[in-house]
Structures are given as C-alpha cells and as structure tokens.
Amino acid sequence: MKGVDLVVDLLDAAEHVDKLSLEEVKDLLLEAASVLGELLMRDVPADIREQDEPAYPPRGLTKN
C-alpha cells in the first residue's frame, strides 16, 4: 500500500503546499521517486534486470 499512501500524501501536500518546509518537499519527492522506481522495476523484463549494466542509464537532475 506504499503507492496508495504516497498518493494521499501528494494530494495532501498539493492542498497545503504553502505550509511545507523545503525539507518536507524534498522528503516527499524522494519518496515519490523511490515508489515510482519500484513500479518501473516491475515493468522491466527479468532478463534485462539480471544484466551487469543497466539497460536504461539512470537519469538525474543536474544543477545549473
């Protein structure tokens, strides 16, 4: 139920975004990335997951 809890947290945060600290926003984004990553791993075929190198290079935000 991790995904359901996250959706509830995201909806609540959207309603009260002006009251969130930067740390709370950061934590929520990190949790969202983690849950989405887990969901994506379910979509990757097992033979690709077992390879030494990732089939899809990780992407990240870059600082300007």
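Reading the values: rules and limits
- Residues numbered from 1 in each chain as written.
- Predicted model: local features only at pLDDT ≥ 70, side-chain atom pairs only at ≥ 80, totals over all residues.
- Heavy atoms only, no water.
- Salt bridge = Lys/Arg side-chain N within 4 Å of Asp/Glu carboxyl O.
- Helix = DSSP H or I, 4+ residues; strand = E, 2+ residues; numbered from the N terminus.
- Axes fitted to C-alpha atoms, helices over the stretch in contact; angles between N-to-C directions.
- Left-handed = near helix turned anticlockwise from the far one by under 90°.
- Contact = heavy atoms within 4.5 Å.
- Nonpolar A, V, L, I, M, F, W, Y, C, P; charged D, E, K, R; others polar.
- Expected span 1.5 Å × (residues − 1).
- Patch = residues over 30% accessible without salt bridge, like charges linked within 9 Å, V, L, I, M, F, W, Y side chains within 5 Å.
- Areas by Shrake-Rupley, 256 points an atom, 1.4 Å probe, with all protein chains shown as cover.
- Lys, Arg positive; Asp, Glu negative; His and termini not counted.
- Charge placed at Lys NZ, Arg CZ, Asp CG, Glu CD.
- Buried < 20%, exposed > 50% of the residue type's maximum accessible area, 1.4 Å probe, protein only.

**A word on the pattern of salt bridges**
Under the defined criterion, the tally for this structure stands at one salt bridge. Here Glu-38 and Lys-2 are joined by a salt bridge, their closest N and O atoms 3.0 Å apart. Remark: Lys-2 occurs in helix α1 (residues 2-15) and Glu-38 occurs in helix α2 (residues 22-43); sequence separation between them is 36 residues.

**Quick word on the packing of α1 against α2**
Relative to each other, α1 and α2 sit at 145°, their axes nearing to 10 Å. Classified by chirality, the crossing of α2 by α1 is left-handed. Where α1 abuts α2, its residues Lys-2, Gly-3, Leu-6, Asp-9, Leu-10 and Ala-13 lie against Leu-28, Glu-31, Ala-32, Ser-34, Val-35 and Glu-38. Across the contact of α1 with α2, the residue classes tally to six nonpolar, two polar and four charged.

**Considerations on α2**
Along its 22 residues, α2 runs 32 Å from first to last C-alpha, staying within 8% of the 32 Å computed at 1.5 Å per residue. Of the surrounding elements, those touching the buried residues of α2 are α1.

**Describing a negative patch on the surface**
Residues Asp-5, Asp-9, Asp-12, Glu-15 and Glu-31 make up a contiguous surface patch of negative charge. On the secondary structure map, Glu-31 appears in helix α2. According to the relative accessible area criterion, Glu-31 is partly exposed, its value standing at 33%.

Note that all results are geometric; they support no functional claim without further evidence.
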